[in-house]
Amino acid sequence: MGQGEGRDDQNGQQGPGSLTDVETVAPFPEVIDEIKAAGGDAFTYCYQCGKCDVVCPWNRVRDFSIRKIVLQASLGIPDIELDEIWRCTTCGRCPSECPRGVNQIEIGVAIRRIATAYDVLPAPVSAYRRVGASLASDGNPLGEAREARDAWAEDLSLRTYTEGMEVLFFVGCYYSYDPRLQKVARAIAEILKRAGVDFGILGRMESCCGESIRKTGNEEVFKNLARSNIKTFIDNGVKRILVASPHCFHTFKNEYPEFMVNFEIVHISQFLAELIESGRLEVKGALDNKKITYHDPCYLGRHNGIYDEPRNVLKSLAGVELVEMADSREKSLCCGGGGGRIWAETPKTERFADLRMAQARDTGAQVLATACPYCVTNFEESRLSLDEGDPFQVKDITELVLEAIQAGEATS
Amino acid sequence: MILPAGSLHDFGDVMVVGGGISGIQAALDLASSGFKVFLVEKKPTIGGKMAQLDKTFPTNDCSMCIESPKFIECDRHPNIEILSYTEVERVEGEAGDFKVTLVRKPRYVKEDVCTGCTTCTEYCPLNIPDPFNQELSTNKATHIYFSQAVPLVPYIDDQCLYLQDEKCSICESVCENQAIDLRQKPERQTVKVGAIVLSPGYDTFDPGERGDYGYGSIKNVVSSMDFERLLCSTGPHEGEILRPSDHKHPHKIAWIHCVGSRQQQDGGYSYCSAVCCSYIQKQVILAKDHDADTEAFIFHNDIRAYGKDFERFYQRAKNLPGVSFVRSYVEIGREIPETGNVTIRYATDAGGVKEEEFDLVVLGVGLGPPADNQKLAGQFGLELNKHGFCKTNPVNPIETTREGVFVSGAFQGPMDIPESVMSASGANALSGALLKARRGMLDTARVYPEERDVSEEEVKVGVFACHCGANIGRVVNVPSLVEYAKGLGHVAHAEEGLFICSTDAAAEIADTIREKGLNRVVVAACTPRTHEPLFRDTLREGGINQYFFDMANIREHCSWVHSKQKEEATQKAKDIVRMSVARVVGLEPLQEFELPVNKATLVVGGGVAGMTSALSLANQGFEVHLVEKDKDLGGMARRIHTTLEGVDVQTWLRDLIRQVYRHPMIHVSHEAKITDTTGYVGNFVTTVESEGRVRTIRHGATILATGAEEHRPTEYLYGEDERVVTQLELEDLIAKGDEKVGAAGRVVMIQCVGCRQEGRNYCARVCCSQAVKNALRLKELDPDREVWVLYRDMRTYGFREDYYYEAAQKGVRFIHWEPEGRPEVEAATDEEGKPVLQVGVPNAVLGQRLAVDADLVVLSAAVVPSQGNPEVARLFKVPTNPDGFFQEAHVKLRPVDFAADGVFLCGTNHYPKHIQETVSQAHGAAGRAVTLLSHDTVTASGSVCQVNDSACIACGACMDVCAYGAISWGGTRAAKRAEVNAALCKGDGLCCSTCPTGAIDLRHFTDEEVFSQIDAALSEVWS
């Protein structure tokens, strides 16, 4: 070596000897086969470039290496006892940037399936057991009664879906039971009525779509939920399904076809764009000169390519200035709720949503708008740390649309 | 047939399409082999991408300095007609009889009238982004593309105000020669040729298309080609590296590898662009040259330092202070608005993701096919491969899918300059085989003005001082140097120029010689190494003997090394010029020798390289003596069964051998031993013992194709355990269907065995691809078999990267290790008691040591120089490099020539390489040999030694020191005297300084001439 400190690699293991006195492990072919069978076979493509680690949101709050997990998976030595395999929120950044087409999400889920089969769940995710049980017994993850699923719509005179209706409004668990999100469900119902949409809901016949529990490795519960929903859809002649949650959207569109069905799925942001463009929905009013920034939910944007419709809806509202945050569109920073982590314990210092809120406020916006129940939940949680009286708001795009509609009705 | 120069504009032998370094080399070799060449280039000047580079790896030669003399060679060569700013429209016909329709784009300047004075440029009111400088600076709408352009004629860009709106025609009015014609239209021209060499090069990946790494939106993210222009003294800031946002010097720079390459995503290339690793190291070294305090981070995923001298070059960059190589692909964090700085996020093995702030980010962009590749394929009737490059014969990358159309250079695929140059010479050989019947028929001799006898004249020295752009001019006060020169004795004329090497300036020197009656010339500029031949030729054009010339190096010896001491440097430049003037006054006219050329060639070595070059020469009608030390032909290829691309090597080899035996012009000797070889270019005499007979072969050229060997490992239990084999041995076992392979359920391969280490500090280039090849084969035979490859860097460069991906796809496992934690192999038993070889390898990402129980361990043993090399080197008086491979004349631009004239090399004796690379180089060696063999005589230098018989005391000391064996005993039996064979003498002067009586003198460097220089040096000290 010359006179310089030419560094090879960096930090961590460095220097002679440090790599030789470490623990020895041998590969486990049986485990590799299990991971492959569970859909994680793309680990073979990995050439350990580190791009996944670099783009992973976890590395903004602590050290986490999905690259290491992929390597361990390829060797059949995943460490299922550690917290690490539960961290991934399935946000989709790493597979979208991976030069080799490795499917990190599938690999992670495959490992979780093994852990679930062995019932190995470390403390931060021990709630998943309870969630699975609730889904099995009452079709929702929140420990609520199935019978109470349509309580949010009590005073709205909504109809039960029947064959021949224009669209089934599949409400979703959070919108049905969570007080904050029930406001969104009601806003949607109001908008649909004003637009004269011929729609119905399933009420207590509706079960959780199962998207998130599947990502925690609980394939059995997912299958049961999916089969139940599909049977309900078929029995009721469902053709077109309107959803508000990008997670429901994702699983209905991309995963339910595994069961050989083919329903037409539309997200509320797409539907709103349709209604406004066709003139069925007239938004006469304006918002109060609001600067709004839109957060792309992982499951709407990255996973399903829907970036423009929500923005077009917002831009169509008068009195709105739309600004973009850093990390927008394909690079959107995950709120931390996917992959089952909406049910996990995340220490305050490790919450992506706090970082996202800071990015939102950096734009000077007064409203952080989004279109996903997990994002709304997490951002509202982050908002609690703001000063008392801070006017910053977290809104679903449908709430903003209804606000504009109602402002128009008030003045007329 | 000797025709007046330039008389045939529509008929020639070969058309070379593309005037980059590859096209230029092809044109020069073809023209020097007796063919009339049309060199077609779509830009306003020849030069290509190499002209835009600052320096070239791994020698760090100034790119333009080594390339531009070739421009002038092309310009002055009577057999080459340059058609610049011209594109191909249509190609009809067939091999031997093509009709090409060309469109000459309007320059709006009449080439034959323009003097290159640049007055039009001065007056042009419109500034446009300068394409040569990657649009980082502006230039006028009418300008010369770059200063050394050939032809040295401006062109008018389409954005010109007249061409857009018919507003403004100032240039037309200020041109004193009425050379501007704004109404020029495209002109069609039809040319008939026998063969076509396609060398359109490549285009760099455009990171702006997808906005990769913020390129196009973040100001201080630039591409490597942008940075190349920033580095260059002819660039946007005259060699000051100034970053785009605020034109400040960046002190902390990041380089990102593989931008656009090695990826499966849409819009990128799946292959490896082969040169980026090395060019990034070059840029790091140069950036540190510019500012020693620069901090550099290089983000990569494997360093592909696979070529000759690349590994050392890599280490050179790595060992510079403040330079960090980081194994991680990256993401741009953010642009910091206040400073314009950019942050990069990168992964560490065990320390999470780090964010680092940089002043400037450079993207190592990949090499893609030329933008008009589809059009070219259509026009020339060629097929493209899946990456859009020219589809070529898997064993001969110079052959396209159309007979008579050859491809050279990067249109074959991403490659470096030596490969481009070799394939260009190879294209000469292949064209020569096709057109051998017409060789020489359109040959035009160069006609120089008559050389005037100056012996009675008063000595009149002309001094021409060059600014070399800013290289010299920024440090040395050239005007004051010129004034000083005017005051020196015998100096009749002194002037300065911006780039004296440009065609017009060089031509002006010839004119000035004639007009002012100068009979001595001093050029104060750069190095004679690159530019002396050009200026000597200029003296001949001026009508005086070329040896009346001296070059004062005020760049390498002055401005480049004293760049911070301008006053002292100027004084030193004056001293150097004074010395040169003193020397040049005393110089004598010397004549060069014409030596006859024997048209036969001796090819030493009957492997793929030797056989290919032998056939290449024989197919062109030249006699070849092929000598092989084994009893069979074939060399190392006898042990190779397939190539990575799936070629059946054994069948191809058998066919190649059959062709050699059948060719009437090739004479093969087996079990041959060369006992002696003497002579000089065009006239070698070699004695060969073969199969009991001793033969004397007379030949004009020699091609050394002596091959290489496989290292016999001493580690990893090789030789101690029969379950440990080398890759070649594995290939053999597979071919034979040996049970050792059949029963091996788990195979572990270990890379870099016996190379990239102390004592053998180079990369053996082929092993990563061989490992992947054998791994794929093993998987094909048994998909359930486990195959592991333990690597330091996967060096599957170029299109071979696709096979690396395929192997990964098929489940071959790749585990990275560092020299600090090498793999270990131990005989053991597994849990079930089966005997295995346990291979342990620590991996930094895992943070653990992986133990794999192997049934078979395969070592990728290095390719090492043949043990016979030292003896061959001694016999043929050729040098070897520090690694023991043969040393060519110039790593970049003369990769198949030895410095000794008439001796060439090809194949793995040059450096390890793949079969198709060997074939390309072998044709290249044949192509270069033909530039000699196609002539009846060869010219030797006049600067040779002479013995003064009366002073010689016959002590023989001179003979002891002569490395070329140029001195032997002459005189009479009674009075022996040393005698110099002028043809062998290389003029190094060792004998002169050794001779005790000063009886031997080196013409052009006589004692008087040298002393006069020393006296002049010290004259101002003593006065």
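Residues numbered from 1 in each chain as written. Chains lettered and ligands numbered in written order. Predicted model: local features only at pLDDT ≥ 70, side-chain atom pairs only at ≥ 80, totals over all residues. Heavy atoms only, no water.

Describe in detail the overall build of chain A, supporting the description with residues and values.
Secondary structure summary: chain A contains 16 helices and 10 strands in total. Expected size for 412 residues packed as a compact globule is a radius of gyration near 22 Å; at 23 Å, chain A falls within 12% of this value. A principal-axis box enclosing the C-alpha atoms of chain A has dimensions of 80 × 50 × 35 Å. Counting every position in chain A, which comprises 412 residues, the buried fraction comes to 60%. With the model as given, the accessible surface of chain A reaches about 16,300 Å², and the carbon-plus-sulfur share is 47%. (Helix = DSSP H or I, 4+ residues; strand = E, 2+ residues; numbered from the N terminus. Rg over C-alpha atoms; globule rule 2.2 N^0.38 Å. Buried < 20%, exposed > 50% of the residue type's maximum accessible area, 1.4 Å probe, protein only. Areas by Shrake-Rupley, 256 points an atom, 1.4 Å probe, with all protein chains shown as cover.)

Can you lay out the sheet that holds strand β47 (residues 903-905) of chain B for me, pointing to particular residues and giving the numbers?
All names here are of chain B. Sheet architecture is open: five strands sit in the order β32-β31-β30-β36-β47, paired in parallel fashion. At either margin of the open sheet sits one strand with a lone partner, and together these are β32 (666-669) and β47. With strand direction ignored, the average angle separating the axes of adjacent strands in the sheet is 20°. (Pairing = 2+ DSSP bridges. Axes fitted to C-alpha atoms, helices over the stretch in contact; angles between N-to-C directions.)

Describe the sheet that holds strand β6 (residues 86-94) of chain B, with residues and values.
All names here are of chain B. Across the sheet, three strands lie side by side as β6-β7-β12; this open sheet has antiparallel pairing. Sheet topology places β6 and β12 (187-193) at the edges, where each strand pairs with a single neighbour. In this sheet, adjacent strand axes meet at a mean angle of 20° when their direction is disregarded. As defined by bridge partners, strand β7 (residues 97-104) adjoins β12 across seven bridges and the pair is classed as antiparallel. Paired with R104 across the bridge in β12 is E187.

Can you tell me about the interface of chain A and chain B, naming the residues and giving the values?
Reports often express the size of an interface as the amount of accessible area lost when the parts come together. With 54 residues of chain A in contact, the opposing surface of chain B contributes 57 residues. When chain A packs against chain B, close to 4,900 Å² is buried across both sides, 51% of that on carbon and sulfur atoms. Applying the counting rule to chain A against chain B returns three salt bridges. With a shortest N-O distance of 2.8 Å, B:E331 and A:R93 are connected by a salt bridge. Across the chain A-chain B interface, the total number found is 16 residue pairs in polar contact (both at pLDDT 80 or more). Of all the elements in the fold, those that place two or more residues in the side of chain A that touches chain B are β1 (7-8), β2 (24-25), α1 (29-40), α2 (51-55), α3 (66-75) and α4 (93-97) of chain A. When residues in the side of chain A that touches chain B are grouped by element, the largest group, six residues, is from α3(A). (Contact = heavy atoms within 4.5 Å. Buried area = accessible area lost by both parts, 1.4 Å probe. Salt bridge = Lys/Arg side-chain N within 4 Å of Asp/Glu carboxyl O. Polar contact = N/O pair within 3.5 Å; in protein donor to acceptor, adjacent residues only side chain to side chain.)

I'd like to hear about the environment of B:T687, residue by residue, with values.
All names here are of chain B. Mapped onto the elements, T687 comes out in strand β34 (residues 683-690). Residues T687 and K673, spaced 14 residues apart in sequence, show a C-alpha to C-alpha distance of 8.6 Å. In contact with T687, not counting residues within four places along its chain, are K673, I674, T675, D676, V694 and R695.

Account for the pairing of strand β43 (residues 835-843) of chain B, with residues named and values stated.
Successive side chains on a regular strand alternate, one facing one side of the sheet and the next facing the other. All names here are of chain B. For β43, a buried count of seven out of nine residues is recorded, marking the element as mostly surrounded by other parts of the structure. Bridge count between strand β42 (residues 824-829) and β43: six bridges; the pairing is antiparallel. Note on β43: the bridge partner recorded for E824 is G840. Counting the residues between successive antiparallel strands, the hairpin from β42 to β43 contains five residues, one of them, G833, with a positive phi of roughly 85°.

With reference to specific residues and values, describe the side chain of B:T612.
Tracing the backbone shows B:T612 in helix α16 (residues 608-618). The residues touching B:T612, leaving out its near neighbours within four places in the chain, are B:L656, B:V919, B:A922 and B:H923.

Tell me about helix α10 (residues 219-235) of chain A, and name the residues and values.
All names here are of chain A. Spanning 17 residues, α10 covers 24 Å between terminal C-alpha atoms, matching the ideal 24 Å at 1.5 Å per step. Listed in full, the buried residues belonging to α10 are E219, V221, F222, L225, A226, N229, I230, T232 and F233. Taken down its axis, α10 places every buried residue within 160° of arc, on the same side. Away from its buried face, by an angle of more than 90 degrees, α10 presents the exposed residues E220, K231, I234 and D235. Buried-residue contacts for α10 involve α5 (104-117), α6 (127-138), β3 (167-170), α9 (211-215), β5 (240-243) and α11 (246-255). In the stretch just after α10, G237 is the one whose phi turns positive, near 65°. (Expected span 1.5 Å × (residues − 1). Arc of directions from axis to C-beta.)

A description of the pattern of salt bridges should follow, citing residues and the corresponding values.
Opposite charge on two side chains permits pairing when their charged atoms draw close. Summed over the entire model, instances satisfying the criterion amount to 104 salt bridges over all chains. The shortest N-O distance in the salt bridge between B:K105 and B:E87 comes to 3.1 Å. In this pair, B:K105 is assigned in the loop between β7 and α3 (119-123) and B:E87 in strand β6, connecting sequence segments 18 residues apart. For B:K105, a relative accessible area of 27% puts it in the partly exposed group. Salt-bridge contacts for B:K375 lead to B:E87; the nearest nitrogen and oxygen are separated by 3.2 Å. With B:K375 in helix α9 (residues 373-380) and B:E87 in strand β6, this residue pair connects regions lying 288 residues apart in the sequence. Overlapping salt bridges, with partners in common, bring together A:R100, B:R262, B:D302, B:R304, B:E311, B:R327, B:R756, B:D793, B:R795 and B:E801 in one network.

Outline the packing of α1(A) against α5(A), supporting the account with residue identities and numerical values.
Residues and elements named next belong to chain A. Running from N to C, α1 and α5 point in directions that differ by 120°, and their axes come no closer than 8 Å. Considering the angle they form, α1 stands oblique to α5. The handedness of the crossing between α1 and α5 comes out as right-handed. Of the residues in α5, those in contact with V31, E34, I35, A38, G39 and G40 of α1 are E106, I107, A110, I111, R113 and I114. Residues that form the contact of α1 with α5 fall into these classes: seven nonpolar, two polar and three charged. (Parallel < 35°, antiparallel > 145°, perpendicular 65-115°, else oblique. Left-handed = near helix turned anticlockwise from the far one by under 90°. Nonpolar A, V, L, I, M, F, W, Y, C, P; charged D, E, K, R; others polar.)

Let's hear about the side chain of A:S74: which residues, and what values?
Residue placement: A:S74 occurs in helix α3. A:S74 gets classed as buried once you look at its relative accessible area, which sits at 7%. Apart from residues lying up to four places away in sequence, A:S74 is in contact with A:I32, A:F43 and B:R813.

Give a description of a negative patch on the surface that names residues and reports values.
A contiguous patch of negative charge, built from A:E30, A:D33, A:E34, B:D784, B:E831 and B:E832, is present on the exposed surface. By secondary structure assignment, the location of B:D784 is in the loop between α20 (767-781) and β40 (786-791). (Patch = residues over 30% accessible without salt bridge, like charges linked within 9 Å, V, L, I, M, F, W, Y side chains within 5 Å. Lys, Arg positive; Asp, Glu negative; His and termini not counted. Charge placed at Lys NZ, Arg CZ, Asp CG, Glu CD.)

Before we move on, can you summarise the confidence of the model for chain A with the specific residues and values?
Summing up the model confidence of chain A, the mean pLDDT is 92 and the portion of residues at 70 or higher is 95%. For residues 1-18 of chain A, every residue scores under 50 in pLDDT, and the model assigns this stretch 42 contacts once sequence neighbours within four places are set aside. (pLDDT = per-residue confidence, 0-100.)

Any chance you could break down the confidence of the model for chain B for me, citing the residues and the numbers?
Of the residues in chain B, 99% reach a pLDDT of 70 or more, and the chain-wide mean stands at 95. Scored below 50 in pLDDT, residues 1-5 of chain B makes 11 contacts in the model with residues more than four places away or belonging to other chains.

Got a sec to walk through the packing of helix α11 (residues 478-486) of chain B against helix α15 (residues 566-585) of chain B? Specific residues and values, please.
Residue and element names in this part refer to chain B. The contact between α11 and α15 brings their axes to 10 Å, and the two run at 35°. Here the hand of the crossing between α11 and α15 comes out right-handed. Facing α11, whose interface residues are S480, L481, Y484 and A485, α15 presents T570, A573, K574, V577 and R578. Considering only residue class, the contact of α11 with α15 consists of five nonpolar, two polar and two charged.

Please give an account of the nonpolar core that cites residues and values.
The biggest cluster of nonpolar side chains holds 130 residues, and the ones touching the most others in it are A:W152, A:F169, A:L192, A:F233, A:I241, A:F252 and A:Y256. Ignoring anything within four residues of it in the chain, the contact list for A:W152 reads A:L158, A:F169, A:V171, A:Y175, A:S176, A:Q182, A:A185, A:R186, A:A189 and A:I201. Formed by 81 residues, the second largest nonpolar core is a distinct cluster that contains B:L286, B:L320, B:A410 and B:A764. (Core = buried A, V, L, I, M, F, W, Y, C linked by side-chain atoms within 4.5 Å.)

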